Amino acid sequence: MTLSSRLKTTTVSMGRTAVGVALGISLAAVLLAGAPKAFAQDAAPAHDHAVIVQAVGDGPALWSISDADSTIYLFGTVHVLRPDTPWGSAMVDAAFDASRNVIFEISNPDDQSALMPLIQQYGLSPQTPLSSLLTAEELAHLDVAARSIGGSAAQFDPLRPWLVALSLSVAPLVKAGYDPASGVELILKHRAEEAGKPVTGLETIDRQVEILAGLSQDTQLAFLRSTLEDFDEATTELDALVDAWATGDVEAIDRIGVAEMKAESQEVYDALLVRRNTAWADQIQTLLAGSSTTFIAVGSAHLAGDDSVQEILEARGVEVARR
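Residues numbered from 1 in each chain as written. Predicted model: local features only at pLDDT ≥ 70, side-chain atom pairs only at ≥ 80, totals over all residues. Heavy atoms only, no water.

## Things to note about the sheet that holds strand S8 (residues 321–322)
Judged by pairing direction, the sheet is mixed, and its six strands sit side by side in the order S6-S5-S7-S3-S2-S8 without closing on themselves. On the outer flanks of this sheet lie strand S6 (199–201) and S8, each paired with one strand and no other. Where strand S2 (residues 62–66) and strand S3 (residues 71–77) come together, five bridges link them in antiparallel fashion. Across the sheet, the residue bridging to Trp63 is Leu74, located in S3. Sitting on the sheet, helix H3 (residues 90–98) touches S2, S3, strand S5 (101–104) and strand S7 (293–299), and the angle it makes with S7 is about 125°. (Pairing = 2+ DSSP bridges. Helix = DSSP H or I, 4+ residues; strand = E, 2+ residues; numbered from the N terminus. Contact = heavy atoms within 4.5 Å. Axes fitted to C-alpha atoms, helices over the stretch in contact; angles between N-to-C directions.)

What follows is the structure, encoded as structure tokens:
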């Protein structure tokens, strides 16, 4: 089975699936990379993804944390972008070049082979078919959406609701020109490898799948239903969030994204942001105890709002400076 899925793990609201992909879990890039090229409405011209359009103004936000012998840069990302999104920044380039090692959410945001066994383990539920969880009207709506990406409701029947929702949300992104190869992590990973910088992850791809699969069935179904409701407008909020990210407007990311997720589902907010941000703050403090310069790039939703990584660190007495 071809995995036409996009991962919205750190979803900005249960109804804004595209936003979740862009600012949420890194798995988005892995899943989107498997989207059939036929989803694209128009054949896109070849593009050198290493060429980044320069941002207007200062570009995306960057923070730093320093002590006597170490510096850590925190950079918020969007996991999938249009190739012509302007986000190039001399400030970010300088921080990246000065760093000895690079850390992403996961170390392998371009490895579909690692994802497939996890989908088999956590994404299938033939003993509880999707048709037993949805109304006839919802199944009809599902079939219409599925057929727009070359599938059918019957093909989705053995899948768990979270995986169906993600699979259905990939098509609008690809049709709108979003491309995982243009995502920040894949570009920076390529740069790091060319420069011989070690690349590691704050967590594993296994953990990211487990987070989604661990959501309650009611929450998974709410995610699916909202995906169906917003299927034809999936890129509207994503475009707004990308614009905010590219100009360093962290307050807008918080308002449009993070705050909405918290209002929609405390379960999703805690699972996708709060607990992960807390674990990452622990790792950052461990890095500070060492001696090095490190560049950390994670989804922008993790660096906005009251429960952001920076807020957690500052509550512990660690000073974080906006660059």
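## Concerning the packing of aromatic side chains
Think of a pair of aromatic rings as described by two things: how far the centres are apart, and how the planes are tilted against each other in angle. Per the counting criterion, the structure on display carries four aromatic pairs. Each ring, one from Trp87 and one from Trp245, has its centre 5.9 Å from the other, and the planes form 45°; the classification is tilted. Of the two residues, Trp87 is situated in strand S4 (residues 86–88) and Trp245 in helix H11 (residues 234–246); the sequence distance between them amounts to 158 residues. Accessibility expressed as a relative area gives 5% for Trp87, which makes it buried. Given a relative accessible area of 2%, Trp245 falls into the buried group. Here the aromatic residues Phe75, Trp87, Phe96, Trp245 and Phe295 are joined through ring pairs into a cluster of three or more. Seen from the ring of Phe96, Lys197 lies directly overhead, with NZ or CZ sitting 5.7 Å from the centre. Directly above the ring of Trp63 sits Arg322, whose terminal nitrogen or CZ lies 5.5 Å from the centroid. (Phe/Tyr/Trp six-rings, centres within 6.5 Å; stacked < 30°, edge-to-face > 60°. Buried < 20%, exposed > 50% of the residue type's maximum accessible area, 1.4 Å probe, protein only. Lys NZ or Arg CZ within 6 Å of the ring centre and 35° of its normal.)

## Considering helix H8 (residues 184–195)
It helps to recall that an α-helix has 3.6 residues per turn; residues three or four apart then point in one direction. Over its twelve residues, H8 runs 17 Å from end to end, which matches the ideal 16 Å to within 8%, given 1.5 Å per residue. Taken residue by residue, H8 has Val184, Glu185, Leu186, Ile187, Leu188, Lys189 and Ala192 as its buried positions. (Expected span 1.5 Å × (residues − 1).)

## Some words on the pairing of S7
Burial of S7 is extensive: six of the seven residues sit out of reach of the surface. As paired strands, S3 and S7 are joined by seven bridges and run parallel to one another. The partner of Thr77 across the bridge, within S7, is Gly299. Across four bridges, the pairing between S5 and S7 is parallel. Each residue of the ladder has a partner; that of Val102, found in S7, is Phe295.

## What to know about the pairing of S2
Along S2, four of the five residues are buried, which leaves the element largely enclosed by surrounding structure. Note: S2 against S8, two bridges, orientation antiparallel. Bridge pairing in S8 places Trp63 opposite Arg322.

## As for the confidence of the model for the chain
Of all residues in the chain, 84% have pLDDT values of 70 or greater, and the mean over the chain is 85. Overall, residues 1–15 carries pLDDT values under 50, and its contacts beyond four positions in sequence, including any with other chains, amount to 88 contacts. Scored below 50 in pLDDT, residues 37–44 shows nine contacts in the model against residues more than four places distant or in partner chains. (pLDDT = per-residue confidence, 0-100.)

## Some words on the side chain of Asn101
One can find Asn101 in strand S5. Asn101 sits in the buried class, given a relative accessible area of 18%. Within the local environment of Asn101, its side chain forms a polar contact with the side chain of Thr294, the two groups lying 3.2 Å apart. In this structure Asn101 touches Pro198, Ser292, Thr293, Thr294 and Phe295, once residues within four positions along its chain are discounted. (Polar contact = N/O pair within 3.5 Å; in protein donor to acceptor, adjacent residues only side chain to side chain.)

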